[in-house]
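# Examining the three-dimensional arrangement
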Amino acid sequence: MLTPRFELTQTEDEVLVVIHAPYANIKDTEVHVEACDFRFFSNPYYLRLNLPGEIEENDASTGSYDCEKGDFSMRFSKINKGEHFENLDMISSLLLPSTKKTIIPDIQVISNPVTSGTDVVNDNEEDDKDDGDDDEWFIPQNVPSEDSCISLNSSKYGFANKISRALDAFEESWLAEIIDLPRPDDTPINLRKNLREKHESSSFNVVHYIAEYLESEQIDEYIKFKAEWEIISDKDVTFTEKEVSILKEMPNKEYLLDDKEILNISLGLVDILFGFCYNYRTTLGENTVESGWTVAKLSSTLSWFENFLEMKDVVIGCIRRSLCFPLFRNWNLSMKIIEDIKQVLKLGKKYVVKSLCEIYTFFNSSCEPRYVLNQLYIKDYLIWIQQSPNSVLEFLLKELNQIEVKKEEIGFDLPSLENSAYDIYAKDLIIENTKTEDGNLMTSFSNLTINKKPITPVVSDSSDTDSDSDSDSDSDSTTSSSSDNNSESNNSTSMLTDHSKKIECKSKSSESLDSDDHSEPETPN
């Protein structure tokens, strides 16, 4: 049987159900309504919904079929007039079967693949017998056998850390295409943050950062871009046909999580949304073939399987990765992305679900095997967020609004780096022999070095030049100084490795000086 696309809307007194079933056999169509239970059958389609409120079929109920569109439209009256049905647009939640099981107080409902669930069933065995024909429509899902059980000693990852040994069979080179964490099945959770930060520190490119810090015209274009979430309101959010198709294919799941696990996956959601917002803004809303890479790379949750326990750690981790890996690495841009996440959360669960659907599509269509990340994280996030109360997003938004991150906390010594670079730029300390043919000052920053001494320009010694050269007087402006200056020039290719020291800009001009024989420099044409 096929699950058709459907849409639910409501008024104060009625609920409208629209079902898209273009190949339905109208003669065989059956509709059953009983309190919160709605069932629709029209070969080859079958749909059963667990509504958040009670409806009834009475004289005011109507139904029609549009043969051109293939849509069934049905209206039913609410039993409690004026009642507002929550989450009518959360498709996966509506497809979940109703349950009469008693939930123990103070325990969050979320599934656990490690737990067999035998005790729960036994405690409610009599209630299950009262369900009547409900059992005919749902087949119980058994827990994996002992052969596939999770080892308690294995490193865990995935949604709420419920998965282990799932990547054992894959080659490391294959995994390296989608994640940065080496040996995920053997690396403990408590080591991942330290490994990630070391990798980021070694990947931070000083020249790239300085270039976009001093010449930020292109970055400003992306910062000023008006993203969709800055324009629309929560009432304007609707699912597309593609998104509906994705959601109705999501499996029916219940989750059993404690408070710590709920906090972990909630913070992980913010981490994932950072990559989504960065991609959207830096592509001006037009996704590219690199969109999947961008989302996965900027998220520590997806690339390092990291578990966050504080919102500030999430923000710092997102900013660090945004300054190390993507094409545009700019502090102001990263701050703008944080504001974007707040706007996305303000639009509510429906827009968050839309964002996750887009990420799901990225990963499935990626050239690299990023569909694995859908299986490990995104699918469960899509199901869980629809079942979660609105208070989850409200909590995340409140936490984000209270976070203030300074450049000193990022870990790359950004203030010292920016001050030194800006001093050179602002004071126009253009050192001789550093100009390139195109006259671009940024080329000179590729020769930045570390020195404890204050910044001093290298000046050619005219007396030495006069004594050693018989060339025209015009050559004085292009000659290099003595071999001491030349040795310093050869050392100028090293990158900045200690940002707490002063930055000294040295030149290297291979065309005007030969370090081996100190031959007479040529006069420029």
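Keep in mind that what you see is a predicted model, and the values were worked out from it rather than measured.

Scanning the protein chain for helices and strands turns up 20 helices and ten strands. Expressed as a percentage of its 525 residues, the buried residues of the protein chain come to 44%. A fraction of 74% describes how many contacts in the protein chain between residues 6 or more apart in sequence connect residues 24 or more apart.

Relative to each other, helix α10 (residues 259–282) and helix α14 (residues 331–346) sit at 115°, their axes nearing to 9 Å. In terms of their interaxial angle, α10 and α14 are classed as roughly perpendicular. Pair α10 / α14 crosses with right-handed handedness. Where α10 abuts α14, its residues V270, L273, F274, C277, Y278, R281 and T282 lie against L333, S334, K336, I337, I338, D340, I341, V344 and L345. Classifying every residue of the contact of α10 with α14 gives eleven nonpolar, two polar and three charged.

The step from N43 to P44 runs through a cis peptide bond, and the omega angle for that step is 10°. Locating P44 in the fold gives a position in the loop between β3 (30–42) and β4 (45–56). Despite not being glycine, N161 has its phi angle at roughly 55°, a positive value. Mapped onto the elements of the fold, N161 is located in the loop between β7 (156–157) and β8 (163–164). Residue N161 is classed as buried on the basis of its relative accessible area of 16%.

Within the secondary structure, S322 sits in helix α13 (residues 311–322). The exposure class of S322 is buried, given its relative accessible area of 0%. From its side chain, S322 meets the backbone oxygen of I319 in a polar contact 2.7 Å long.

A residue-level look at the protein chain finds 70% of positions with pLDDT of 70 or above and a mean pLDDT of 77. Confidence drops under pLDDT 50 across residues 100–152; counting only partners more than four residues distant or on other chains, this segment forms 53 contacts. The low-confidence segment residues 449–525 (pLDDT under 50) makes 106 contacts with residues lying over four places distant or belonging to another chain.

Moving on, we get to α14. In a regular helix each residue adds 1.5 Å, so 16 residues correspond to 22 Å; α14 covers 23 Å between its end C-alpha atoms and thus fits that length. Restricting attention to buried positions, one finds in α14 the residues W331, L333, S334, I337, I338, D340, I341, K342, V344 and L345. Taken from the residues just after α14, G348 is the one with a positive phi, measuring 95°.

Here we take up the packing of α10 against helix α15 (residues 349–365). Packing of α10 against α15 brings their axes to within 11 Å, and their N-to-C directions diverge by 70°. Here α10 lies roughly perpendicular to α15, going by the angle between them. Contacts between α10 and α15 pair L269, I272, L273, F276 and N279 from the former with V352, S355, L356, E358, I359 and F362 from the latter. Classifying every residue of the contact of α10 with α15 gives eight nonpolar, two polar and one charged.

Core analysis: the biggest nonpolar cluster contains 117 residues, and I19, F38, L382 and W384 have the highest contact counts within it. The greatest single-element share of this core, amounting to twelve residues, is contributed by α10. Beyond its immediate chain neighbours, meaning those up to four positions away, F38 contacts V17, I19, V31, H32, V33, L47, R48, L49, L51, M74 and F76.

With that settled, consider α13. The first and last C-alpha atoms of α13 sit 17 Å apart over twelve residues, in line with the 16 Å expected at 1.5 Å per residue. With ten of twelve residues buried, α13 is to be regarded as a mostly interior element. Burial in α13 covers these residues: M311, V314, V315, I316, G317, C318, I319, R320, R321 and S322. Looking at the buried positions of α13, the neighbouring elements they touch are α6 (189–203), α10, α11 (291–298), α12 (300–304), α14 and α17 (391–401).

The next point concerns the pattern of salt bridges. Under the criterion given, the structure shown has 26 salt bridges. We note a salt bridge from D89 to K350, for which the minimum N-O separation is 3.4 Å. In this pair, D89 sits in the loop between β6 (71–78) and α1 (91–95) while K350 sits in helix α15, placing the two residues 261 residues apart along the sequence. On the basis of relative accessibility, which here comes to 26%, the residue D89 falls in the partly exposed class. Judged by its relative accessible area of 17%, K350 falls in the buried class. Two residues, R196 and E306, come together in a salt bridge whose shortest N-O distance is 2.4 Å. With R196 in helix α6 and E306 in the loop between α12 and α13, the pair connects residues that are 110 residues apart, well separated along the chain. We note that R196, like E306, is buried.

Here the focus is the pairing of strand β5 (residues 62–66). Across five bridges, β5 lies against β6 in antiparallel orientation. Note on β6: the bridge partner recorded for Y65 is F72. The hairpin turn running from β5 into β6, its antiparallel successor, is four residues long, and G70 in that turn takes a positive phi close to 75°.

Take the environment of A35 next. Within the element layout of this structure, A35 appears in strand β3. Its relative accessible area of 28% is what places A35 among the partly exposed residues. Remark: the alpha-carbon pair of A35 and K78, spanning 43 residues in sequence, is separated by 9.1 Å. Beyond its immediate chain neighbours, meaning those up to four positions away, A35 contacts G53, E54 and I55.

Definitions and cut-offs
- Residues numbered from 1 in each chain as written.
- Predicted model: local features only at pLDDT ≥ 70, side-chain atom pairs only at ≥ 80, totals over all residues.
- Heavy atoms only, no water.
- Helix = DSSP H or I, 4+ residues; strand = E, 2+ residues; numbered from the N terminus.
- Buried < 20%, exposed > 50% of the residue type's maximum accessible area, 1.4 Å probe, protein only.
- Contact = heavy atoms within 4.5 Å.
- Axes fitted to C-alpha atoms, helices over the stretch in contact; angles between N-to-C directions.
- Parallel < 35°, antiparallel > 145°, perpendicular 65-115°, else oblique.
- Left-handed = near helix turned anticlockwise from the far one by under 90°.
- Nonpolar A, V, L, I, M, F, W, Y, C, P; charged D, E, K, R; others polar.
- Polar contact = N/O pair within 3.5 Å; in protein donor to acceptor, adjacent residues only side chain to side chain.
- pLDDT = per-residue confidence, 0-100.
- Expected span 1.5 Å × (residues − 1).
- Core = buried A, V, L, I, M, F, W, Y, C linked by side-chain atoms within 4.5 Å.
- Salt bridge = Lys/Arg side-chain N within 4 Å of Asp/Glu carboxyl O.
- Pairing = 2+ DSSP bridges.

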